[in-house]
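# A closer look at the structure
For reference, the chains in residue letters:
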Amino acid sequence: MYLVVGLGNPGIKYLKNLHNLGFMAVELLAEQNGVTFGKKGFKGEYGEKNIDGNKVIFLKPQTFMNLSGESISEISSFYKIPPENIIVIYDDIDIPIGSLRIRRSGSAGTHNGMRNIVSCLNTTDFPRVRIGTKPSGDYEILSYVLSDIKKEDEPLFKISVNKAVDAVNELIHGNSFENVMQKYNG
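The residue numbers shown here count from 1 along each chain, following its written sequence. With the structure being a predicted model, the display of local features is reserved for residues of pLDDT at least 70 and the display and counting of side-chain atom pairs for 80 or more, all residues being used for whole-chain, interface and lining totals. As a rule here, side-chain values come from all non-hydrogen atoms in the structure, and water together with hydrogens is ignored.

In this section: the overall build of the protein chain. In this text, helices come from DSSP runs of H or I with a minimum length of four residues, and strands from runs of E with a minimum of two, each type numbered from the N-terminal end. When helices and strands are counted, the protein chain shows 6 helices and 7 strands. A globule of 186 residues ought to have a C-alpha radius of gyration of about 16 Å, and the protein chain, at 15 Å, matches this closely. Across its three principal axes, the protein chain shows a C-alpha extent of roughly 45 × 30 × 30 Å. Per-residue burial for the protein chain yields a buried fraction of 51% across its 186 residues. Across the protein chain, the centroid of the 21 positively charged side chains sits 2 Å from that of the 21 negatively charged ones. Atoms counted for the radius of gyration: C-alpha only. Globule rule: 2.2 Å times the number of residues to the power 0.38. To sort residues, take the accessible area from a 1.4 Å probe on protein chains only and compare it with the maximum for the residue type: under 20% means buried, over 50% means exposed, and anything in between is partly exposed. His is not counted, nor are the chain ends; Lys and Arg add positive charge and Asp and Glu add negative charge. The location of each charge is read from NZ of Lys, CZ of Arg, CG of Asp or CD of Glu.

For the rest of this paragraph, the subject is the sheet that holds strand β5 (residues 86-96). In a beta sheet, neighbouring strands pair by backbone hydrogen bonds and run either parallel or antiparallel. Only when DSSP finds a minimum of two bridges between them are two strands counted as paired. Taken in spatial order, the 7 strands make up an open sheet running β2-β3-β4-β1-β5-β7-β6, and their pairing is mixed. Two strands close off the open sheet at either side, each with one partner strand: β2 (39-41) and β6 (100-103). Mean inter-strand twist for the sheet, computed between neighbouring axes without regard to direction, equals 30 degrees. Inspection of the sheet shows strand β3 (residues 44-51) paired to strand β4 (residues 54-61) by 8 bridges, in the antiparallel sense. Only the contacting stretch of a helix is used when fitting its axis, a line to C-alpha atoms as for every element, and angles between N-to-C directions run 0 to 180 degrees.

Bringing unusual backbone geometry into the picture now. Even without being a glycine, F42 presents a positive backbone phi close to 55 degrees. The residue F42 is located in the loop between β2 and β3 in this model. Backbone geometry at F64 places phi at a positive 75 degrees, although glycine is not the residue there. Here F64 shows up in the loop between β4 and α2 (68-79).

Attention now moves to the pattern of salt bridges. Think of a salt bridge as a Lys or Arg side-chain nitrogen and an Asp or Glu carboxyl oxygen that are within 4 Å of each other. What the rule picks out here adds up to 11 salt bridges. Two residues, E27 and K60, come together in a salt bridge whose shortest N-O distance is 2.7 Å. Highlighted residues: E27 in helix α1 (residues 21-32) and K60 in strand β4, separated in sequence by 33 residues. Note on K60: relative accessible area 10%, which makes it buried. The closest approach of N and O atoms between D92 and R130, which form a salt bridge, is 2.8 Å. Separated by 38 residues along the polypeptide, D92 in strand β5 and R130 in strand β7 (residues 128-134) bring together distant segments of the chain.

What follows is the structure, encoded as structure tokens:
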């Protein structure tokens, strides 16, 4: 069983924010796999499907970014999903725009949503797909991540989100983690 989580903030005002790249990716991933977010519970919206003999749950926490771990902890505990089968997709300001970083585990870095997840799961040992958002020049982190994607950056973010979706699709369809990291990191 897999839990695939896209991080973001609920509500129309955040829809096109950089901080919602995880939501964008998990929505596209679910759509490609014929899944809708028709269920509410575990402080989130989710859908599920059997894929290649594995149950896969797609989750969008509705707790706002900084409390995402509450939703993930509740649903993973209920379904008894081990951390190594929880794949979290999110924006990362420490990675250049257009790049992905896929890892089996690691620190939360500067991401408050990830800090909360690590705290709630009590481990850093879960896979993550980080979509780069690092701007050039000076910026204030909170206002930047809560800003909408700039028109001129849309093509790069579309490519990044699609790559993230392709990578997670390969993972849930049985490709090895090492192969996926080798193919998509960079």
